[in-house]
Amino acid sequence: MQRITLEELKHILYHAFRDHLTMKDIENIIINEEESLNENSGNCQTEFEERLPGKSWDKSSAPL
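Values in this document were obtained by computation on a predicted structure and should not be read as measured data.

Comments concerning the pattern of salt bridges
Link 1 in the chain: Applying the stated criterion across every chain yields a total of 2 salt bridges.
Link 2 in the chain: Between lysine 10 and glutamate 7 there is a salt bridge; the shortest N-O distance is 3.2 Å. Of this pair, lysine 10 and glutamate 7 are both found in helix H1 (residues 6-17), 3 residues apart, which corresponds to roughly one turn of the helix.
Link 3 in the chain: Owing to a relative accessible area of 11%, lysine 10 belongs among the buried residues under this scheme.
Link 4 in the chain: For lysine 10, the salt bridge is made with glutamate 27, and the minimal N-O distance between the two is 3.6 Å. Here the residue lysine 10 occupies a position in helix H1, and glutamate 27 occupies one in helix H2 (residues 23-41), the gap between them amounting to 17 residues.

Calculation criteria
Residues numbered from 1 in each chain as written. Predicted model: local features only at pLDDT ≥ 70, side-chain atom pairs only at ≥ 80, totals over all residues. Heavy atoms only, no water. Salt bridge = Lys/Arg side-chain N within 4 Å of Asp/Glu carboxyl O. Helix = DSSP H or I, 4+ residues; strand = E, 2+ residues; numbered from the N terminus. Buried < 20%, exposed > 50% of the residue type's maximum accessible area, 1.4 Å probe, protein only.

And the structure:
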């Protein structure tokens, strides 16, 4: 996976949508998305299956 900086992302979006959005619009979208992700991150629940040492994994019971 390739990583880019926030500034690079802003410039990519600006050049792709400059006919429709200003740089300020793009910054506001990014800020709103970050706030939304931060608000929702506390609501995430991680599900995991406990495996006991020495127990083998049964492929027939694996979720699809």
